[in-house]
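# Close look at the chain arrangement
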Amino acid sequence: MTGWLVIAGLGPGNQAMVTPEVTQAVAEATDVVGYAPYVRRVPRRRGLRRHETSNHEEIARAQHALRMAENGRRVVVVSSGDPGVFAMAAAIFEAVHLGPDSWRTLDIRVLSGITAMLAAAARVGAPLGHDFCAINLSDNLKPWALIEKRLRLAAEADFAIALYNPRSKARLKGIDLALDLLREHCEPSRVLVFARAVSTPEEQLRIVCLAEALPNMADMRTVVLIGSSATQIINRDGTPFVYTPRAVPE
Ligand code: SAH
């Protein structure tokens with residue numbers, strides 16, 4: 001039997017936001033591999049082995065998945081959102097790059113999912129409607145000095161910014177420092193969206209200006225969208241709309 005390896009994104013949480021091609025790959029798989037909370041989102045069925053791993057063993061998890069595919073198993077590695085956004089796809093390719101030549105001939109495919117920033121943006125309007133960038137605030141995989149530099153230059157370039165991993169139990173400082181830095185570079189009326197657990201029953205959306213933003217508005221299930229200087233709020237009953245205009249005048 002020929003094995004394969006699919007690196008799939010499960011989207012932000014809502015089952016209706018899992019793409020049909022991901023659902024099909026999972027239906028054909030013999031093994032599903034990933035961080036435990038994501039593996040648990042895959043329904044149990046006979047013949048499907050589940051391999052739940054901790055979030056700190058990415059390369060080992062990637063190697064394990066590649067070895068199984070090499071041995072003829074049909075393996076799906078799952079990430080939340082999109083697997084190419086701060087997730088497993090790059091870890092798999094790193095393992096392939098450093099691994100035995102035989103891994104380069106394996107059938108490996110990446111199946112995209114809806115990433116948190118796009119799901120969050122859609123819930124409030126179109127805050128990423130012009131140029132934007134995404135920054136991971138976790139310093140697990142890079143030095144804080146680099147995060148700070150990228151934040152500063154992104155603010156200076158007037159991008160809208162999506163902040164992933166703004167905070168975790170082990171790491172409280174990311175969002176505090178990011179807000180301090182933004183306050184140095186942006187006006188107090190700058191629009192921020194704290195979007196938590198988007199598309200799940202625990203979803204919470206908070207739209208505030210920079211002057212009102214507090215670090216505890218973010219947790220590990222929150223993506224923070226920071227508008228550009230052009231980002232607008234349309235107030236109305238209920239959650240306001242937030243959008244960034246399509247054009248920047250000359
Ligand atoms: N691959 C994922 C990101 C993994 S990093 C993706 O493409 O979405 C984990 C971070 O993603 C979290 O700390 C949070 O910032 C964000 N995130 C993931 N799911 C989310 C959701 N449903 N709502 C808000 N943020 C989410």
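Above: the structure in question.
Before going further, it helps to spend a moment on the packing of helix H3 (residues 58-70) against helix H4 (residues 88-98). The geometry of H3 relative to H4 is characterised by a closest axis approach of 9 Å and an angle of 70 degrees between their N-to-C directions. Considered as vectors, H3 and H4 are oriented roughly perpendicular to each other. Along this stretch, H3 crosses H4, giving a crossing that reads as right-handed. Packed against H3, whose contacting residues are Glu58, Ile59, Arg61, Ala62, Gln63 and Leu66, the element H4 presents Met88, Ala91, Ile92, Glu94, Ala95 and Val96 at the interface. A breakdown of the residues in the contact of H3 with H4 according to their chemical character gives eight nonpolar, one polar and three charged.

Peptide bonds are trans in most cases, and residues, glycine excluded, mostly fall at negative phi. Unusually for a residue other than glycine, Phe86 sits at a positive phi of about 50 degrees. Residue position: Phe86 is located in the loop between strand E4 (74-79) and H4. For Phe86, a relative accessible area of 41% puts it in the partly exposed group. Positive phi, normally seen in glycine, also occurs at Asn165, with a value near 50 degrees. Mapped onto the elements of the fold, Asn165 is located in the loop between strand E8 (160-164) and helix H7 (173-185). Overall, the relative accessible area of 32% leaves Asn165 in the partly exposed class.

What follows concerns the sheet that holds strand E7 (residues 132-136). Within the open sheet, the five strands sit side by side as E7-E8-E11-E9-E10. Their pairing is mixed. In this open sheet, the two strands that pair with only one neighbour each are E7 and strand E10 (204-209). The mean inter-strand angle of the sheet, taken between neighbouring strand axes irrespective of direction, is 15 degrees. For E7 and E8, the ladder comprises five bridges, and the chain directions are parallel. Pairing of Ile135 across the sheet is with Leu163, part of E8. In the packing of helix H5 (residues 116-124) onto the sheet, the strands contacted are E7, E8, strand E9 (191-196), E10 and strand E11 (222-226), and the crossing angle to E11 comes to about 65 degrees.

Taken together, 19 residues lie near the ligand, and Asp82, Val85, Thr115, Met220 and Thr222 sit nearest. Contacts to the ligand include Val85, whose backbone N or O atom sits 2.8 Å from a nitrogen atom. At 3.4 Å, a backbone N or O of Val223 approaches a nitrogen atom of the ligand. Protein coverage of the free-state accessible area of the ligand, which is 540 Å², stands at 92%. Taken together, the residues that form the shell around the ligand break down as twelve nonpolar, five polar and two charged. Looking at the shell around the ligand, you find at least three residues from each of domain 1 (4-114) and domain 2 (117-243).

What counts, and at which threshold
- Numbering of residues starts from 1 in each chain and follows the order in which that chain's sequence is written.
- Where totals are concerned, whole chains, interfaces and linings use all residues; where local detail is concerned, this predicted model gives features only for residues with pLDDT of at least 70, and gives and counts side-chain atom pairs only at 80 or more.
- In computing side-chain values, all of the structure's heavy atoms are included and hydrogens and water are not.
- Angles run from 0 to 180 degrees between N-to-C directions of axes, and those axes are lines fitted to C-alpha atoms, restricted for helices to the stretch in contact.
- Strands here mean DSSP runs of E at least two residues long; helices mean DSSP runs of H or I at least four residues long; both are numbered from the N terminus.
- In these notes the angle categories are as follows: under 35 degrees is roughly parallel, over 145 is roughly antiparallel, 65 to 115 is roughly perpendicular, and the rest is oblique.
- It is the rotation of the near helix from the far one that decides the hand of a crossing: anticlockwise by less than a right angle makes it left-handed, clockwise makes it right-handed.
- Throughout, a residue-residue contact means that at least one pair of heavy atoms, one from each residue, lies within 4.5 Å.
- Note on residue categories: nonpolar means Ala, Val, Leu, Ile, Met, Phe, Trp, Tyr, Cys or Pro, charged means Asp, Glu, Lys or Arg, and polar means any other residue, Gly included.
- For each residue, the accessible area found with a 1.4 Å probe, counting protein chains only, is set against the maximum for its type, and the residue is called buried under 20%, exposed over 50%, and partly exposed in between.
- If DSSP finds at least two bridges between two strands, the strands pair.
- In this text, near means that some heavy atom of the residue lies within 4 Å of the molecule or strand in question.
- Definition of a polar contact: a pair of N or O atoms within 3.5 Å, with one able to donate and the other able to accept a hydrogen when the atoms are protein atoms, and with sequence-neighbouring residues admitted only if both atoms are side-chain atoms.
- Calculation of accessible area relied on Shrake-Rupley with a 1.4 Å probe; when residues are assessed, cover is drawn exclusively from the protein chains displayed.
- An automatic or database domain assignment supplies the start and end points of every domain.

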